[in-house]
Structure formats: structure tokens, C-alpha cells
Amino acid sequence: MEIRWSILFIIIGASIVTVIPRVLPLVILSRLQIPDWGLRWLNYVPIAVMAALVGQELFMQDGELSPLHNNIELLAALPTFLVAILTRSLLGTVVAGMITIMVLRFIF
Amino acid sequence: MMQDNDHIKRQLVEASEESFLQGVKDCIPTLLGYLSIGFAAGVVGKTAGLSIAEITLMSLLVYAGSAQFIFAGMIAANSSAAAIILTIFFVNLRHLLLSAALSPYFRHLTSLKNILIGSLLTDETFGVAINHAANKKSISEKWMHGLNIAAYMNWIAANIAGAFLGQWITNPQKFGLDFALPAMFIGLLVLLMVSRAKIAVDIIVAVSAVVIVIGVTMVSSGSAGIIAAAIIASAIGMAVEKWK
């Protein structure tokens, strides 16, 4: 159980650069009056970020476009989306996704 | 008198929806996703030669999956401290946008309290919080702390478990664990879209974001892709909304 000085230094550096982008907008923007167009733009940020994260998970592999044929993740995404829309339950969606991918990997 | 009682009951219900415990409960659906990715982060850290104490400290202080994977990968590749820190900085710049999008809901809090809330912000807690905020003017501080702390504890536990058990788990994919994260993002995206009454514009934004993230990731990096997609696709949404 040891912590090397060199690693400790990188951990502290990494924690500083990860905390700043998390904290700064919350502290500054909650004090300012954001213009109307800014609020309307911010309104779409959550959809855009989540969609981009989903897109990256389903279509990309190591910075390359993953082949569309036999992309099991993409196939498993369809029932996962369906369960999300029908049940509106986050836990249900996660479990459905995991079961689907297990079954698909068993079949293929 | 009856009406008074109803009024008090309603206030109680509203108060319990905003409590710390409710925040913890609302975190539960994300736990599987966190567990699997935190577990993986622990395994990868161990494989890269980090000690269990180092992995624990990293999950406590850095608290970001993407950053911790990069950390382990670059340590294994003998990268310099400056290169590791700079890469992690760029990868986590997307948090600027998440933090900015949450800021209108925390206007009632002091700067110190906003620092506490922001420092535990993640993709997942953001997704849950912004869904919770639908049709609300503000988010309760207690509720947010409940959500954040539950997610944080779970993350640390998952990292430590991964560091300890990593050597025996040879094939986590067999259990579909790797799909917990994309499935969670899908769930958060869908819940977000059904909670707002502008499905047409939202779909345009989501499709644009996917196209942009693929294009930019191919020519640049994954984190640049997310940031570009967030900035441009949101602007597209704004433009379409105005033009309609």
C-alpha cells in the first residue's frame, strides 16, 4: 500500500484540472444574468451532450468508425431505446440493455 | 380545515421530493453503470501498475472515468506528468458545458455551495439532475448532495473493488457489463427528450450531435468531438427553434 510521489503529483494536477471546468460555470453563471439567447442555447446542451456520448459509444471504436455490419452494440441499442421510451425507467433501460447484449453475444 | 390539511400534505410531499434521501434514491438507477465503469477503471489502473492506494486516491480526487482511463493508459506508456495532466484537462472540458447548463437552477445558492455541488458533477449526475429539473425553476441543494454523494461513494467502492478483484475477472464483457454505460446514456437521453415538449427540434439536435461527434472524433479526438457536438448541435437547435 504505497503512494509514489510522482503519482501523487499527477493525481493532484489531474484533480485540479478536472475540478475547474466543473465548478467555474456554476459559480460564475449563477451570479450573472444570462442573456435570453444564451439560455435558449444552454437548453439544448444536455440533449446534444447525451446524444454525442451515445453516438460515440455506438458508432466509434478507438477513434475510428466501427463497421456497421455486425455492430452488436448498435443492434442492442434498438431494444434499449424501445424500453426507455415505453417504460421511462432508467434502471429498466440499463438492465434491458445488459440482457440484450448478453443474449446477442450468446447468439452471434 | 380539510383544505388546510390537504395543503400541508402537499407541502410535505413536495418537501420529501427534494430531500437528501430522495437524491440518493434518484441515484440508484445509475449505480449499475457507475459500478461497471468504476470497476473497469480499477482493473485498468491495476494493470497499469498503480497500487491499490493510488487507485483509491485517484478515484477520490479525480473522480472522472475518462480521466482515470487516460491516467492509467498514459502511466503504462511512460508519458510525462505534464502530458497526462494536459490531456485530462482537455478530455474533461465538456464539464464546462454541463456546469453551465445546470447553473440557472442553482441561482439561490452561495458561491461556496455551488463549488461543493460542482466539484462532484459527472455526466451521469448531470443527466439525472437535468431530468429532475424539468418543469422546475430550481434544484434543491439537499437533493443534489444526496445524488452527488451516493454516486461518489459508489464510484470509489467500484474502483477499489476493481483494483482488488481485477486479476480474476478475465472477461467482464460476458456479463454485458460494458454495455451498462451506453445503455445508461440512452436512458438519460430518452428521459430528457420525453420530459420536454419539443421532440422535433430535440431529434434534430440529437441527430446533428451524433453526426458531428463522429466527424470530429475521426479527424481529431473523442473529447474534441463531444465538445464540438455540444456547441454546434445546440446552436443548430437554437436556430431551428427561431426559424420555425
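Rules used in this analysis
Residues numbered from 1 in each chain as written. Chains lettered and ligands numbered in written order. Predicted model: local features only at pLDDT ≥ 70, side-chain atom pairs only at ≥ 80, totals over all residues. Helix = DSSP H or I, 4+ residues; strand = E, 2+ residues; numbered from the N terminus. Buried ≥ 20, exposed ≤ 12 C-beta atoms within 10 Å, placed from the backbone. Contact = placed C-beta atoms within 7 Å. Nonpolar A, V, L, I, M, F, W, Y, C, P; charged D, E, K, R; others polar. Domains from an automatic or database assignment. Core = buried A, V, L, I, M, F, W, Y, C linked by C-beta atoms within 7 Å. Expected span 1.5 Å × (residues − 1). Bend = angle between axes of the 7 residues up to and from the residue. pLDDT = per-residue confidence, 0-100. Axes fitted to C-alpha atoms, helices over the stretch in contact; angles between N-to-C directions. Parallel < 35°, antiparallel > 145°, perpendicular 65-115°, else oblique. Left-handed = near helix turned anticlockwise from the far one by under 90°.

Bringing the overall build of chain B into the picture now. Looking only at helices and strands, one finds twelve helices and zero strands in chain B. Overall, chain B shows an N-to-C arrangement of helices and strands of α-α-α-α-α-α-α-α-α-α-α-α. Dimensions of chain B along its principal axes, counting C-alpha atoms only, are 70 × 45 × 40 Å. Put simply, chain B has 244 residues, and 48% of those count as buried. Taking the intrachain contacts of chain B between residues at least 6 apart in sequence as the baseline, contacts between residues at least 24 apart amount to 75%.

Taken residue by residue, the interface counts 64 residues in chain A and 85 residues in chain B. For the side of chain A that touches chain B, the secondary-structure elements that each account for two or more residues are helix H1 (5-29), helix H2 (36-59), helix H3 (72-87) and helix H4 (90-107) of chain A. The greatest single-element share of the side of chain A that touches chain B, amounting to 21 residues, is contributed by H2(A). Classifying every residue of the side of chain A that touches chain B by side-chain character gives 48 nonpolar, ten polar and six charged.

Let us look at the domain arrangement of chain B. Residues and elements named next belong to chain B. Segmentation of chain B into domains returns domain 1 (2-196) and domain 2 (198-244). If you look at the interface, domain 1 gives eight residues, while domain 2 gives eight residues. Taken together, the residues that form the side of domain 1 that touches domain 2 break down as six nonpolar, no polar and two charged.

Counting residues in hydrophobic clusters, the biggest one holds 105 residues, and the most contacted among them are A:Ala48, A:Ala52 and B:Ala209. Among the elements that make up this core, the one with the highest residue count is H2(A) (14 residues). If we ignore the near neighbours within four places in the chain, the residues touching B:Ala209 are A:Ala48, A:Ala51, A:Ala52, A:Gly55, B:Ala229 and B:Ala233.

Okay, helix H11 (residues 199-219) of chain B next. Since there are 3.6 residues in each turn of an α-helix, residues three or four apart along the chain are aligned in direction. The terminal C-alpha atoms of H11(B) lie 30 Å apart, and with 21 residues this matches the ideal 30 Å at 1.5 Å per residue to within 8%. Of all the positions in H11(B), only B:Asp202, B:Val205, B:Ala206, B:Ser208, B:Ala209, B:Val210, B:Ile212, B:Val213, B:Val216 and B:Thr217 are classed as buried. Elements in contact with the buried residues of H11(B): H2 and strand S1 (60-61) of chain A together with helix H10 (180-194) and helix H12 (222-243) of chain B.

What follows deals with H2(A). All names here are of chain A. Counted at 1.5 Å a residue, the expected span for H2 with its 24 residues is 34 Å, and the 35 Å between its end C-alpha atoms agrees. Along H2, the largest kink reaches about 30° and is centred on Val45; proline Pro46 follows within four residues of it. Within H2, 19 of the 24 residues are buried, which leaves the element mostly enclosed by the surrounding structure.

Per-residue confidence for chain A gives a mean pLDDT of 91; residues scoring 70 or more make up 99%. When pLDDT is averaged over each element of chain A, H1(A) comes out on top at 96 and S1(A) at the bottom at 86.

Attention shifts here to unusual backbone geometry. All names here are of chain A. At Asp62, a residue that is not glycine, the phi angle is positive and equals roughly 50°. Within the fold, Asp62 resides in the loop between S1 and strand S2 (64-65). Located in the positive-phi region is Arg88, a residue other than glycine, with phi close to 55°. As for its placement among the helices and strands, Arg88 is situated in the loop between H3 and H4.

A few words on the packing of H1(A) against helix H5 (residues 81-91) of chain B. At their nearest, the axes of H1(A) and H5(B) sit 9 Å apart, and the two run at 25° to each other. In terms of orientation, H1(A) lies roughly parallel with respect to H5(B). Remark: the crossing between H1(A) and H5(B) carries right-handed chirality. Here H1(A) contributes A:Phe9, A:Ile10, A:Gly13, A:Ala14, A:Val17 and A:Thr18 to the contact with H5(B), which in turn contributes B:Ala81, B:Ile84, B:Ile85, B:Ile88 and B:Phe89.

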